[in-house]
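So the chains spell out like this:
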Amino acid sequence: MRAAILTIPQPIQQRPLQIAEVPRPEMKPGHVLLRVRACGVCRTDLHIVEGELPPRCPQLIPGHQIVGDVVEGATAELPVGARVGVSWIGGTDGSCWYCRSNMENLCDAPTFTGYSVNGGYAEYALARADFVFPLPSALDDLHAAPLLCAGIIGFRSLRVAGVEPGERVGLFGFGASAHLAIEVLHAWKCDVYVSTRGASHRRLAESLGAKWVGAETDKPPVELDRAITFAPSGDVVVAALGSLRKGGVVAINAIHLDRIPQFDYDRLLWGERQIRSVANMTRADARDFLQLAAEIKLHPKVTSFTLGQANEALAAVKSDAIDGAAVIVP
Ligand SMILES: [Zn+2]
Ligand SMILES: [Zn+2]
């Protein structure tokens, strides 16, 4: 099969992914072999390919937003031809304290799709049968792919931030994840304030009904109940903190941040403001979000790339060159 392979992490301008012919994944018990129909591109893929996340395998196929058809390993629940999604959490041990305590997103021995095992920048991918999700039939492959990490983890970020219906919520950064989160927030009757770099991202936020839109570290005109940051930048976290009311929460939706700069505790954190990180997702998050996505007819904005353009797709995510989500169609 054809696949995009990472051997040595390098800046994306050096084109670290090589498109090559490799053997199809070998079947394993408890797994399904999927023919990949589409695979979303996530900023985490960029952190893996550029080496901000340390390598876990000598050779890797990235990609953790896989839409595919079951071709082998079918069961009664997952017949041949069933269309399913695979996300970032590719498996957990099911036995550690976190798994037993309903926090499988924090599992001590997780499998990460497209990081600790091969992912979906390929024609075929292997996935644990108990970690695939049926997808809303209303969405085609291209539009279903971004739901699988951008959507699910964006939704988890709203939960971690403790968003209540009708609240004022800030989104700092407006890429693949935020452009889906805003629609969930509107379904919950929240007012959404968006601070983001890039004029076209600001226009997209306006067109999706943001109450107010400003530049990257602009302060919204009201105090926010909750804020979610999506940019891999600690300055943005501090800007988000500075726009919260007392008792408000910032949730950081980023697996990697450049740093957290020094900031003024008395002014920014005192008053029971909180900073929380968002780590991974549970299967319950996935099921709840995919059901909500179908109910509210969530429709991602996507730009498609071929497998041969995998480096270009990641470069586009890095430079904010596209609105919404990038998706590879092998
Ligand atoms: Zn565990
Ligand atoms: Zn992701």
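Look above for the structure.
Residues numbered from 1 in each chain as written. Chains lettered and ligands numbered in written order. Predicted model: local features only at pLDDT ≥ 70, side-chain atom pairs only at ≥ 80, totals over all residues. Heavy atoms only, no water.

Peer 1: Could you give me a rundown of the overall build of the protein, with the residues and numbers involved?
Peer 2: The number of helices and strands found in the protein is 10 helices and 17 strands. In terms of overall size, the protein behaves like a compact globule, its C-alpha atoms giving a radius of gyration of 19 Å where 330 residues would be expected to give roughly 20 Å. Taking the principal axes of its C-alpha atoms as reference, the protein extends roughly 55 × 40 × 40 Å. In the protein, which comprises 330 residues, the proportion classed as buried is 53%. (Helix = DSSP H or I, 4+ residues; strand = E, 2+ residues; numbered from the N terminus. Rg over C-alpha atoms; globule rule 2.2 N^0.38 Å. Buried < 20%, exposed > 50% of the residue type's maximum accessible area, 1.4 Å probe, protein only.)

Peer 1: Kindly report on the pairing of strand β1 (residues 2-6), identifying the contributing residues and their values.
Peer 2: Within β1, four of the five residues are buried, leaving the element largely enclosed by the surrounding structure. Here β1 runs beside strand β2 (residues 17-21); their pairing, made up of five bridges, is antiparallel. Bridge pairing in β2 links Ala-4 to Ile-19. (Pairing = 2+ DSSP bridges.)

Peer 1: Any chance you could break down the coordination of the zinc ion (ligand 1) for me, citing the residues and the numbers?
Peer 2: At 2.0 to 2.3 Å from the zinc ion (ligand 1) lie its protein donor atoms, namely Asp-93 (OD), Cys-96 (SG), Cys-99 (SG) and Cys-107 (SG). Because the angles between the four donor atoms bound to the zinc ion (ligand 1) fall within 97 to 118°, the donor set is best described as tetrahedral. Each donor residue of the zinc ion (ligand 1) lies on the same chain, and together they follow the pattern D-x2-C-x2-C-x7-C. (Donors = N, O, S within 2.8 Å, 3.2 Å for Na, K, Ca; no water. Tetrahedral: all angles 85-135°; square planar, octahedral: opposite > 155°, others 65-115°.)

Peer 1: Report on the coordination of the zinc ion (ligand 2), specifying residues and quantitative values.
Peer 2: Looking at the zinc ion (ligand 2), one finds its protein donor set to be Cys-42 (SG), His-64 (NE2) and Cys-149 (SG), positioned 2.0 to 2.2 Å from the metal centre. In the primary sequence, the donor residues of the zinc ion (ligand 2) line up as C-x21-H-x84-C. With Cys-42 in the loop between β3 (31-41) and α1 (43-50) and Cys-149 in the loop between α3 (141-144) and α4 (150-160), this pair connects stretches of sequence that are 107 residues apart. Residue class for Cys-149 comes out buried when judged on its relative accessible area of 5%.

Peer 1: Please give an account of the nonpolar core that cites residues and values.
Peer 2: In this structure, Tyr-121, Leu-171, Val-194 and Phe-289 are the most contacted members of the largest nonpolar core, which totals 96 residues. Ranked by residues supplied to this core, first place goes to β3 with seven residues. In contact with Leu-171, not counting residues within four places along its chain, are Ala-178, Ile-182, Leu-185, Val-192, Tyr-193, Val-194, Ser-195, Ile-228 and Phe-230. Judged by nonpolar contacts, the second largest core, of 15 residues, contains Leu-224, Val-236, Ala-240 and Leu-257. (Core = buried A, V, L, I, M, F, W, Y, C linked by side-chain atoms within 4.5 Å. Contact = heavy atoms within 4.5 Å.)

Peer 1: Residues and numbers for the sheet that holds strand β13 (residues 224-229), please.
Peer 2: Read across the sheet, six strands follow the order β12-β11-β10-β13-β14-β15 without closing on themselves; strand pairing throughout is parallel. The sheet is open, and its two borders are formed by β12 (212-214) and β15 (274-277), each paired with just one other strand. Averaged over neighbouring strand pairs, the angle between their axes works out to 20° when direction is ignored. Two elements, strand β10 (residues 168-172) and β13, share four bridges in a ladder whose sense is parallel. Of the residues in β13, the one forming a bridge with Val-169 is Arg-226. (Axes fitted to C-alpha atoms, helices over the stretch in contact; angles between N-to-C directions.)

Peer 1: So what about the pairing of strand β17 (residues 325-329)? Which residues, and what values?
Peer 2: When you tally the buried positions in β17, you get four out of five residues, the bulk of the element. Strand direction decides the pairing type here: β3 and β17, joined by three bridges, are antiparallel. If you follow Val-41 over to β17, its bridge partner there is Ala-326. Summarising the sheet, strand β16 (residues 302-306) and β17 pair through five bridges and their orientation is parallel. For Phe-305, the partnering residue across the bridge sits in β17 and is Ile-328. After leaving β16, the chain enters helix α10 (residues 310-318) and then returns to the sheet as β17, a path that is right-handed. (Right-handed = clockwise from strand over helix to strand, strands pointing away.)

Peer 1: Help me get a handle on the environment of Ala-325, residues and values and all.
Peer 2: With respect to the helices and strands, Ala-325 occurs in strand β17. Owing to a relative accessible area of 2%, Ala-325 belongs among the buried residues under this scheme.

Peer 1: Explain unusual backbone geometry to me, using residue names and the numbers behind them.
Peer 2: Even without glycine at this site, Glu-272 takes up a positive phi of about 60°. Along the chain, Glu-272 falls in the loop between α8 (265-268) and β15. Of the residues examined, Glu-272 reaches a relative accessible area of 66% and is grouped as exposed. Here Lys-297, not a glycine, exhibits a phi torsion of approximately 55°, which is positive. On the secondary structure map, Lys-297 appears in the loop between α9 (283-295) and β16.

Peer 1: Tell me about the packing of aromatic side chains, and name the residues and values.
Peer 2: Enumeration according to the criterion identifies six aromatic pairs in this entry. Taken together, a centroid distance of 5.6 Å and an interplanar angle of 40° make the contact between Phe-155 and Phe-289 tilted. One end of the pair, Phe-155, is in helix α4; the other, Phe-289, is in helix α9, with 134 residues separating them in the sequence. Note on accessibility: Phe-155 and Phe-289 belong to one class, buried. Here the aromatic cluster, defined as three or more aromatic residues joined through ring pairs, consists of Trp-88, Phe-112 and Tyr-115. (Phe/Tyr/Trp six-rings, centres within 6.5 Å; stacked < 30°, edge-to-face > 60°.)

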